[in-house]
Amino acid sequence: MTCEHVQMPGGGTAIVCSSGRRPKCSGCGKPARLLCDWKTKTGRYGTCDAPVCESCTVRPDEGKDLCPTHAAEYERWCAERADREIMRGIDHGST
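Residues numbered from 1 in each chain as written. Predicted model: local features only at pLDDT ≥ 70, side-chain atom pairs only at ≥ 80, totals over all residues. Heavy atoms only, no water.

Turning to the overall build of the chain, a few remarks are in order. When helices and strands are tallied, the chain shows one helix and six strands. The order of helices and strands in the chain, counted from the N terminus, is β-β-β-β-β-β-α. Relative to its length of 95 residues, the chain is extended, with a C-alpha radius of gyration of 18 Å against a globular reference of 12 Å. Relative to its full complement of 95 residues, the chain shows a buried share of 16%. (Helix = DSSP H or I, 4+ residues; strand = E, 2+ residues; numbered from the N terminus. Rg over C-alpha atoms; globule rule 2.2 N^0.38 Å. Buried < 20%, exposed > 50% of the residue type's maximum accessible area, 1.4 Å probe, protein only.)

Per the counting criterion, the structure on display carries one aromatic pair. An angle of 25 degrees between the planes, with centres 6.0 Å apart, marks the rings of Tyr74 and Trp77 as stacked. Placement of both Tyr74 and Trp77 in helix α1 (residues 68–91) is noted, with a separation of three residues, approximately one turn of the helix. Of the residues examined, Tyr74 reaches a relative accessible area of 22% and is grouped as partly exposed. (Phe/Tyr/Trp six-rings, centres within 6.5 Å; stacked < 30°, edge-to-face > 60°.)

Okay, the pattern of salt bridges next. Enumeration over the complete set of coordinates arrives at four salt bridges. A salt bridge links Glu54 to Arg59, with the shortest nitrogen-to-oxygen separation between them at 3.2 Å. The network of salt bridges with common partners includes Glu54, Arg59 and Asp65. (Salt bridge = Lys/Arg side-chain N within 4 Å of Asp/Glu carboxyl O.)

Among the surface-exposed residues, Ile86, Met87 and Ile90 lie close enough to one another that they form a single nonpolar patch of about 300 Å² accessible area. Its location among the elements puts Ile86 in helix α1. (Patch = residues over 30% accessible without salt bridge, like charges linked within 9 Å, V, L, I, M, F, W, Y side chains within 5 Å. Areas by Shrake-Rupley, 256 points an atom, 1.4 Å probe, with all protein chains shown as cover.)

The next point concerns the environment of Lys30. With respect to the helices and strands, Lys30 occurs in the loop between β2 (13–18) and β3 (34–35). Expressed as a C-alpha distance, the spacing of Lys30 and Asp83, which sit 53 residues apart in the sequence, is 36 Å. What Lys30 contacts, discounting residues up to four positions off in sequence, is Pro23, Lys24, Cys25 and Ser55. (Contact = heavy atoms within 4.5 Å.)

Relative to strand β6 (residues 64–66), strand β5 (residues 58–61) runs antiparallel, the two being bridged by two bridges. Each residue of the ladder has a partner; that of Val58, found in β6, is Leu66. The hairpin turn running from β5 into β6, its antiparallel successor, is two residues long, and Gly63 in that turn takes a positive phi close to 80 degrees. (Pairing = 2+ DSSP bridges.)

Backbone geometry at Asp49 places phi at a positive 65 degrees, although glycine is not the residue there. By the secondary structure assignment, Asp49 is in the loop between β3 and β4 (51–52).

Roughly 230 Å³ of volume is contained in the largest pocket. Lining of the largest pocket is provided by Thr2, Glu4, Val6, Val16, Ser18, Gly20, Arg21, Arg22 and Arg33. Among the secondary structure elements, those contributing two or more residues to the lining of the largest pocket are β1 (2–7) and β2. Here the residues of the lining of the largest pocket sort into two nonpolar, three polar and four charged. The calculated volume of the second largest pocket comes to roughly 190 Å³. (1 Å grid on protein atoms, 1.4 Å probe; cavity = no way out; pocket = protein on both sides within 12 Å on 5 of 7 lines; lining within 4 Å. Points joined across faces, edges and corners; volume = space filled by probe spheres on them. Nonpolar A, V, L, I, M, F, W, Y, C, P; charged D, E, K, R; others polar.)

As structure tokens, then:
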């Protein structure tokens, strides 16, 4: 059994033990503590759940982590949304 000390958000610590090996990050292959929170229709819990490490995660919001694949998808979505907002402004006569 492997145990480790984990820093909690409030400043405290916890000891977390597990019997298995930690999953590898889907981006770089390092040990991963996080899971991708991108919503899917096929995931077991409605999210991607790909393992992702602190270095590879993208956090679009507090408590939300994205794997590299879905971080790229999120960036595309943001760009498309910004383009629509620009076009909406042009359609209404503003710049």
